[in-house]
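Single-letter residue listing:
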Amino acid sequence: MKYYGLNELRKMFLDYFESKGHLVMNSFSLVPHNDNSLLLINSGMAPLKPYFTGQEVPPRTRVTTCQKCIRTGDLENVGKTARHGTFFEMLGNFSFGDYFKKESIPWAWEFLTEVIGLDPDRLYPSVYVDDDEAYAIWRDVMHIPEDRIFKFGKEDNFWEHGSGPCGPCTEIYYDRGEKYAKGDPADNVVGGDGDRYMEVWNVVFSQFDNDGHGHYSDLAQKNIDTGMGLERLAVAVQDVDSIFDVDTLQALRNKVCEIAGVEYHSSEKADVAIRVITDHARSATFMISDGIMPSNEGRGYVLRRLIRRAVRRRDAQRGTVSPAQS
């Protein structure tokens, strides 16, 4: 497989979906616009919610973006796993009442296998257990053997957030190889918490409306919401240990090592600290560039917390703060 840098992969994705009739839109700010339900933009679809709900008319029924995002729900995993970071870029292709499953699934496969060049024998799709339509497309149209298509329940393959549009999803996992099967073998399976099988694609089929009480009705307008972490894709393509080893993050990581006077891979404790500082400094930079300032509440508190965690990791290496305090 050919090596591609992170910036190349971003352009390849946007160019591919532009060739499929999508409008390429710039990333929105990390600060949500007219959306009080979010402190920070945390997914590619979040800034596009008015188009999904029908509140606003999209500039085109097919749109593609690379959206900057902040997530802190898995904060304690940052620096410890291959894939967790508080800041990431989410590649997405979106359909607002235009194409649906029979187009989005083949396009996902074509991009990963023919454009990027991932080995199709190392890719494993998953579907929602009751989504017979998506399962049939993978089996009968894409000709994926049944024993390589995984059926998961609501927790893994159904996207909903309270009331409103929701639906099942299909994901594509990439087998990075046995050398990445670290830790508990039970985690290193498709859909597990290990680092061997990495999710690189997720297509949400927004086809239902949840009334907030568990009652679902069909949406008049069915939508597509694809999310793919750019850094995760780069991990697979560049065959590196973690997101901190892809070309762009590695440059930041190396600068952190230079400033701290610490050699990477000198100790696991130091490596975790280096990765946390790299990630949090990156997040803080993008948040500040979008006008967010440290404060005691709201998104300003999120920024303040990230900066303080980075500083405490630095001080822990100097022996002035217990690592537990970070």
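All values reported here derive from a predicted model rather than from experimental measurement.

Calculation notes
Residues numbered from 1 in each chain as written. Predicted model: local features only at pLDDT ≥ 70, side-chain atom pairs only at ≥ 80, totals over all residues. Heavy atoms only, no water. Helix = DSSP H or I, 4+ residues; strand = E, 2+ residues; numbered from the N terminus. Buried < 20%, exposed > 50% of the residue type's maximum accessible area, 1.4 Å probe, protein only. Contact = heavy atoms within 4.5 Å. Areas by Shrake-Rupley, 256 points an atom, 1.4 Å probe, with all protein chains shown as cover. Lys, Arg positive; Asp, Glu negative; His and termini not counted. Charge placed at Lys NZ, Arg CZ, Asp CG, Glu CD. Salt bridge = Lys/Arg side-chain N within 4 Å of Asp/Glu carboxyl O. Disulfide = S-S within 2.5 Å. Polar contact = N/O pair within 3.5 Å; in protein donor to acceptor, adjacent residues only side chain to side chain. Axes fitted to C-alpha atoms, helices over the stretch in contact; angles between N-to-C directions. Left-handed = near helix turned anticlockwise from the far one by under 90°. Nonpolar A, V, L, I, M, F, W, Y, C, P; charged D, E, K, R; others polar. Core = buried A, V, L, I, M, F, W, Y, C linked by side-chain atoms within 4.5 Å. Patch = residues over 30% accessible without salt bridge, like charges linked within 9 Å, V, L, I, M, F, W, Y side chains within 5 Å. pLDDT = per-residue confidence, 0-100. Pairing = 2+ DSSP bridges.

Focus: the overall build of the chain
When helices and strands are tallied, the chain shows nine helices and nine strands. Taking all 326 residues of the chain together, 52% fall into the buried category. In the chain, the proportion of contacts linking residues at least 24 apart, taken out of those at least 6 apart, comes to 68%. Surface summary for the chain: the accessible area is close to 15,300 Å², and the carbon and sulfur share equals 48%. Each charge class in the chain was averaged separately, 38 positive and 49 negative side chains, and the resulting centres sit 7 Å apart.

Overview of the pattern of salt bridges
A complete count under the given rule lists 21 salt bridges for this structure. The structure contains a network of salt bridges with shared partners spanning Lys101, Asp131 and Glu133.

Observations concerning helix H6 (residues 230-238)
Taken across its nine residues, H6 has eight buried, putting it largely inside the fold. Taken residue by residue, H6 has Leu230, Glu231, Leu233, Ala234, Val235, Ala236, Val237 and Gln238 as its buried positions. Positive backbone phi, approximately 50°, marks Asp239, located one or two places after H6.

Here's the deal with the state of the cysteines
Enumeration over the complete set of coordinates arrives at zero disulfides. Cysteine Cys69 remains unbridged, with the sulfur of Cys66 as its closest cysteine sulfur at 8.4 Å. Cys169 provides the cysteine sulfur closest to Cys166, a residue in no disulfide bond, and the two sulfurs are 12 Å apart. By relative accessible area, Cys166 is classed as buried at 2%.

Describing the side chain of Thr64
Tracing the backbone through its elements, the reader meets Thr64 in strand E2 (residues 62-70). Of note is the side chain of Thr64, whose polar atom sits 2.8 Å from the backbone oxygen of Gly92. In this structure, Thr64 is in contact with Phe13, Leu14, Phe17, His22, Leu23, Val24, Met25, Gly92 and Asn93, ignoring residues within four places of it in sequence.

Points about the packing of helix H7 (residues 247-260) against helix H8 (residues 268-289)
Interaxial distance between H7 and H8 falls to 9 Å at its minimum, and their mutual angle equals 115°. For the pair H7 and H8, the sense of crossing is right-handed. Seen from H7, the contacting residues are Leu249, Leu252, Arg253, Val256 and Cys257; seen from H8, they are Ile274, Ile277, Thr278 and Arg282. When its residues are assigned to classes, the contact of H7 with H8 shows six nonpolar, one polar and two charged.

Regarding the nonpolar core
Of all hydrophobic cores here, the largest spans 51 residues; its most connected members are Leu9, Phe111, Leu112, Trp138 and Trp201. Contributions of two or more residues to this core are made by helix H1 (6-19), helix H3 (101-116), strand E4 (123-128), helix H4 (132-141), strand E7 (164-175), strand E8 (197-210), strand E9 (216-229) and H6. Beyond its immediate stretch of four places on either side in the chain, Leu9 contacts Tyr4, Ile116, Leu230, Leu233, Ala234 and Val237. In terms of nonpolar packing, the next biggest core, distinct from the first, is built from 11 residues, Leu30, Met287, Ile292 and Leu306 among them.

What about a nonpolar patch on the surface?
Together, Ile288, Met293, Ile307 and Val311 give the surface a local cluster of nonpolar side chains, amounting to about 310 Å² of exposed area. Inspection of the secondary structure assignment puts Met293 in the loop between H8 and helix H9 (298-318). Judged by relative accessible area, Met293 falls into the partly exposed class, the value being 48%.

Details of the confidence of the model for the chain
Per-residue confidence for the chain gives a mean pLDDT of 92, with 95% of residues at or over 70. Below pLDDT 50 for its whole length, residues 320-326 participates in 10 contacts with residues either more than four positions away or in separate chains.

Observations concerning unusual backbone geometry
Positive phi values are uncommon outside glycine, yet His143 reaches one of about 60°. Inspection of the secondary structure puts His143 in the loop between H4 and strand E5 (150-152). Accessibility expressed as a relative area gives 60% for His143, which makes it exposed. Notably, Asp239 is not glycine yet its phi reads approximately 50°, a positive angle. Note that Asp239 resides in the loop between H6 and H7.

Comments concerning the pairing of E9
Sheet analysis places strand E3 (residues 87-96) next to E9, joined by five bridges and oriented antiparallel. In the strand pairing of E9, Met90 is matched with Gly229. As paired strands, E8 and E9 are joined by eight bridges and run antiparallel to one another. Looking across to E9, one finds that Asn202 is bridged to Gly227. Between E8 and E9, which pair antiparallel in sequence order, lie five residues; one of them, Gly212, sits at a positive phi of approximately 95°.

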